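Next come the chains, spelled out residue by residue.
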Amino acid sequence: MIRPINAQDARRQFDPTSLPEPTATGKPKGPRRIIGQRRALNALEFGLQVGGKGFNVFVSGPPGIGKMTSVQAYLERFASEKPVPDDWCFVHNFKDSYQPRAIRLSAGQGNRFKQDMEELRRFFETELPQVFESDEYSTQREKTLEEVRQQGQELSQKVEEQAEAKGFMMQNTVMGTALVPVKDGKPMSEEALQSVSADDRREMEKRKEELQEQIRASQKSYRKLDRRAQEKVKELDRQVVLNRIEGPIEDLKEKYGDRGKVHEYLDGVQSDILDNIDTLKSNPEEQGQNVPPQVKRQMQILREQFFQKYQVNVAVDNSGRDGAPVVVELNPTYTNLIGRIEKQMQMGALNTDFTLIKAGSILKANGGYLVLPVIDVLRNIGSWEALKRALQGAEIRIEEMQEQLGYMTVKSLRPQPIPLDVKIILIGRPTLHQLLHMHDDDFPELFKVKADFDTVMDADPENVQGMVDFVRGFTEREGLRHMRAGGVARLLEYSTRLSGHKGKFSTRFGDITDLVREANFWAGRSDASGIESEHVQKALDEKVYRSGLIKDKVGEMIEQGTLLIDTADRRAGQLNGLSFIDIGGFSFGRPNRITATIGVGREGVIDLERESRLGGPIHSKGVLILTGFLSRVFSTSYPLSISARIVFEQSYSGVDGDSASSAELYALLSALSGVPLRQSIAVTGSVNQAGEVQAVGGINEKIEGFFDVCSARGLSGDEGVLIPAANVQNLALRPDVAEAIERGDFAVWPAASIDEGIELLTGEPAGRNPDGTMEPESVFGRARAALDRIQESLKELRMASELSGPNGA
């Protein structure tokens, strides 16, 4: 007969006095080290250090185990030892304004270059125009124009003399230069012109035409002089401006060198200023009073846009950074990831320029590390394809998403692409890695390193120390009460329960930190200076109470007799199985009555859950395994002939899983043998065709569910649960259950085989011998006898049918 486990096996306890002291953690608010993830850490470190294209990292693991926090903390330490990457700036392209240029500068120089160019721009806009208002410039300009003016006067005087010699006077009118005949030095009147003879009139017209030809020739010469004057003035202006700007621009060239093609850009600035001197001279504020205000405003906007060309847009600023950047993008939309080109309203229209280019997180992380939740990248339209395109081309292009989708767009900017050197760390579930690996041909080439985060870690001294340090660092960072040794011990016990193994700790640090916060709350309610064991237990109890409405309703229905559960006496073909219920973050166990009936027939074992379409595939497989076990044990000399039905009583929803297959087999053996089963013992465990009892999940919740039912009715010391022996290592029962076990009020029996279990449940020997024979008065012997009787009954029926003939007697 198997023995029940002792109280020490019911839970993993930690002695508060034996816990190690917290080690010096340095700055409490700093990043914490990764605990118990040596395999993932090695993979992550390899992925970050190995060179070559495509060695980006996919960090795999379920949610709630601290992947994002741990990876970010590790990256910050790792990146601090790397060189600081360069700054990136966008500037105006003087050859094509629709394709802004990218300039690369050493870290911190981007903002300095922007400030220097801002000072140069202010010089262009405010101080440079004052050159044209100086006396020195006016004198030089007058001197330049004087020669041309004199030549023009000489031309004009010569024409006037020729006109006078031919009897004409030149007069300027609104229609141009007019020739007026003169007589005695005075213009001829209309009457005098009428009195001129026809021959004299023809002669006068001939002289007039000659003069007009001379005037046209002189005007052509005068225009040449005027153009020459304008050219000389422009040359003077260019020389004056060049003398003023050449020094500052040369200083900037010397300051920044030729890295990032700064010289080429500054040469473009110089040429553009020299080509737009007239814009420097114009000032909307000095326009006349007759100019409408809206026209002045428009002129002012155009002037501002002109000088805006000389600004610098620092897209990536790495000044003040220690090491490489670590960027965590939790909302990886296309624009947040790649960047965007913003628009602004001007004079009723949307406009943009290079100053409105905004870098995305991938550009901000250039030269460093970018952490992305893969599920959010996949959910956002265009983000995944844009990320792959950037990695494949090793460059980042900031483009409108409409262009990527093929939609018609208004003409916009196409900034110069920037070389990309970044490590991408995707974080997500293992299933996403599998799906991407199977369905995306680019994924295996771009993410060659997988770092698997485990859900558990060994509860060895190193990780005990790590957990103690983690708790201390967390309470200090959060400003919580100090956790006493007893509280830490209870927290470690809770961690083993989360892991599902006595020798493991859970890495679900989110659940652990939430429990610490809740315990701190209850410690505050009791005015305690620190968090004790009872505060942790109070937090656990309250958490169960908040979420346990359905659990309590089920317990209430059992107490009222709505759900029929026997916890006393014995019944043949009837047993209490245990099921595991998960209702979204809260799980509990409950007993289910399982019954089996036996009849004459050849239908075999019929699963009523499957027949009613309430049984899942795993449950149906478990029932089919029962047929395999019965055939192996009993059908040695003749085919197994039986008609058996198994059902979960009062089950009105789906049933799946094979954790009740051992209980169903016990019920079948009881129904066959007629030996009743103890109703005070609930059963859980899977079984194989050899009759070995296999481990199941949710073992603690199942035991506690039956314990609660028995406790509500009053414990007599006869109640308990039969579990697989392999599940003893998974026990982490509540303190009250462990205490009941220690008092002898409740028991947990481990069974390795069906034989051991049936002996406990019936109090009778199983009766199977190694050679396959069975003791007549044992459970298996009686079951064999029942099958023999069924076989004889079937033979008699067959013979009677044969004697009666095809048409009956």
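Residues numbered from 1 in each chain as written. Predicted model: local features only at pLDDT ≥ 70, side-chain atom pairs only at ≥ 80, totals over all residues. Heavy atoms only, no water.

Quick look at the sheet that holds strand S7 (residues 313-316)
- Taken together, three strands build an open sheet; the order of strands is S3-S2-S7 and the sheet is antiparallel. Strands with a single pairing partner mark the edges of an open sheet, and in this sheet they are strand S3 (101-105) and S7. Sheet twist, expressed as the average angle between the axes of neighbouring strands with direction ignored, equals 35°.
- Relative to S7, strand S2 (residues 87-91) is paired through three bridges, and the arrangement is antiparallel. When the bridges of S7 are listed, Phe 90 appears paired with Asn 313.
- Contacting S2 and S3, helix H7 (residues 262-275) crosses the sheet at an angle of about 130° to S3. (Pairing = 2+ DSSP bridges. Helix = DSSP H or I, 4+ residues; strand = E, 2+ residues; numbered from the N terminus. Axes fitted to C-alpha atoms, helices over the stretch in contact; angles between N-to-C directions. Contact = heavy atoms within 4.5 Å.)

Quick look at the sheet that holds strand S17 (residues 449-452)
- With parallel pairing, five strands are arranged side by side in an open sheet as S8-S13-S16-S1-S17. Each having just a single partner strand, strand S8 (326-328) and S17 make up the two edges of the open sheet. Along the sheet, successive strands turn relative to each other by an average axial angle of 20°, direction set aside.
- Note that S8 and strand S13 (residues 369-373) share three bridges and pair parallel. Its bridge partner lying in S13, Val 326 is registered against Tyr 369.
- The strands that helix H2 (residues 67-79) touches are strand S1 (57-60), S8, S13 and strand S16 (423-428); relative to S13, the one it contacts most, it runs at about 175°.

Description of the nonpolar core
- Within the largest apolar cluster, 44 residues are counted, with the highest numbers of intra-cluster contacts made by Phe 634, Tyr 666, Leu 722, Ile 754 and Phe 780.
- Elements with a contribution of two residues or more to this core: strand S24 (587-599), helix H23 (617-634), strand S26 (643-648), helix H24 (661-673), strand S28 (681-683), strand S32 (747-751), helix H27 (754-762) and helix H28 (779-804).
- With seven residues, H24 is the largest single contributor of residues to this core.
- In contact with Ile 754, not counting residues within four places along its chain, are Phe 629, Ser 662, Leu 665, Tyr 666, Leu 669, Val 687, Gly 691, Val 693 and Phe 780. (Core = buried A, V, L, I, M, F, W, Y, C linked by side-chain atoms within 4.5 Å. Buried < 20%, exposed > 50% of the residue type's maximum accessible area, 1.4 Å probe, protein only.)

Examining the pairing of S1
- Neither face of S1 is left uncovered, since the one carrying Val 57 and Val 59 and the one carrying Phe 58 and Ser 60 both have all their residues buried.
- Across four bridges, S1 lies against S16 in parallel orientation. Within S16, the residue paired with Phe 58 across the bridge is Leu 426.
- Relative to S17, S1 runs parallel, the two sharing four bridges. Across the sheet, the residue bridging to Val 57 is Val 449, located in S17.

Things to note about the pattern of salt bridges
- Inspection of the entire model under this criterion finds 42 salt bridges.
- Between Asp 708 and Arg 734 there is a salt bridge, and its shortest N-O distance comes to 2.8 Å. Taken together, the residues Asp 708 in helix H25 (residues 699-713) and Arg 734 in the loop between strand S31 (720-724) and helix H26 (735-743) connect sequence positions 26 residues apart.
- Judged by its relative accessible area of 22%, Asp 708 is partly exposed.
- Here the salt bridges do not stand alone but share partners, grouping Glu 118, Arg 121, Arg 122 and Glu 125 into one network. (Salt bridge = Lys/Arg side-chain N within 4 Å of Asp/Glu carboxyl O.)

Re helix H6 (residues 198-256)
- Taking 1.5 Å as the rise per residue, H6 with 59 residues should run 87 Å; its terminal C-alpha atoms sit 83 Å apart, in good agreement.
- Gly 257 sits one or two positions beyond H6 and adopts a positive phi of about 65°. (Expected span 1.5 Å × (residues − 1).)

So, a nonpolar patch on the surface
- A contiguous nonpolar surface patch, about 270 Å² in accessible area, is contributed by Leu 549, Ile 550 and Ile 583.
- Tracing the backbone through its elements, the reader meets Ile 550 in helix H21 (residues 549-560).
- Residue classification places Ile 550 among the partly exposed residues on the basis of a relative accessible area of 44%. (Patch = residues over 30% accessible without salt bridge, like charges linked within 9 Å, V, L, I, M, F, W, Y side chains within 5 Å. Areas by Shrake-Rupley, 256 points an atom, 1.4 Å probe, with all protein chains shown as cover.)

Notes on the packing of helix H1 (residues 38-49) against H2
- Here H1 crosses H2 at 45°, and the two axes come no closer than 12 Å. The orientation of H1 relative to H2 falls into the category oblique. You can see that H1 and H2 cross each other, and the crossing is right-handed. In this structure, H1 contributes Leu 41, Leu 44, Glu 45, Leu 48 and Gln 49 to the contact, and H2 contributes Val 71, Tyr 74, Leu 75 and Phe 78. (Parallel < 35°, antiparallel > 145°, perpendicular 65-115°, else oblique. Left-handed = near helix turned anticlockwise from the far one by under 90°.)

A short note on the side chain of Thr 496
- Inspection of the secondary structure assignment puts Thr 496 in helix H18 (residues 485-499).
- The buried category is assigned to Thr 496, whose relative accessible area is 1%.
- For Thr 496, the contacting residues outside a window of four places in its chain are Arg 12, Phe 14, His 501, Lys 502, Lys 504 and Phe 505.

Let's talk about helix H13 (residues 383-393)
- Looking at H13, one finds that the buried residues are Ser 383, Trp 384, Ala 386, Leu 387, Lys 388, Ala 390 and Leu 391.
- Just downstream of H13, Ala 394 is the residue with a positive phi angle, here 55°.

A closer look at the environment of Glu 649
- Within the secondary structure, Glu 649 sits in the loop between S26 and H24.
- What makes Glu 649 partly exposed here is its relative accessible area of 31%.
- Along the sequence, Glu 649 and Leu 563 sit 86 residues apart, while their C-alpha atoms lie 9.0 Å from each other.
- With residues up to four places along the chain from it excluded, the contact list for Glu 649 reads Arg 593 and Thr 595.
- At 2.4 Å, the side chain of Glu 649 and the side chain of Thr 595 are in polar contact. (Polar contact = N/O pair within 3.5 Å; in protein donor to acceptor, adjacent residues only side chain to side chain.)

Here's the deal with the environment of Arg 3
- Locating Arg 3 in the fold gives a position in the segment before H1.
- For the pair Arg 3 and Pro 750, spaced 747 residues apart in sequence, the C-alpha to C-alpha distance is 7.6 Å.
- Those residues in contact with Arg 3 that sit more than four places away from it in its chain are Trp 749 and Pro 750.

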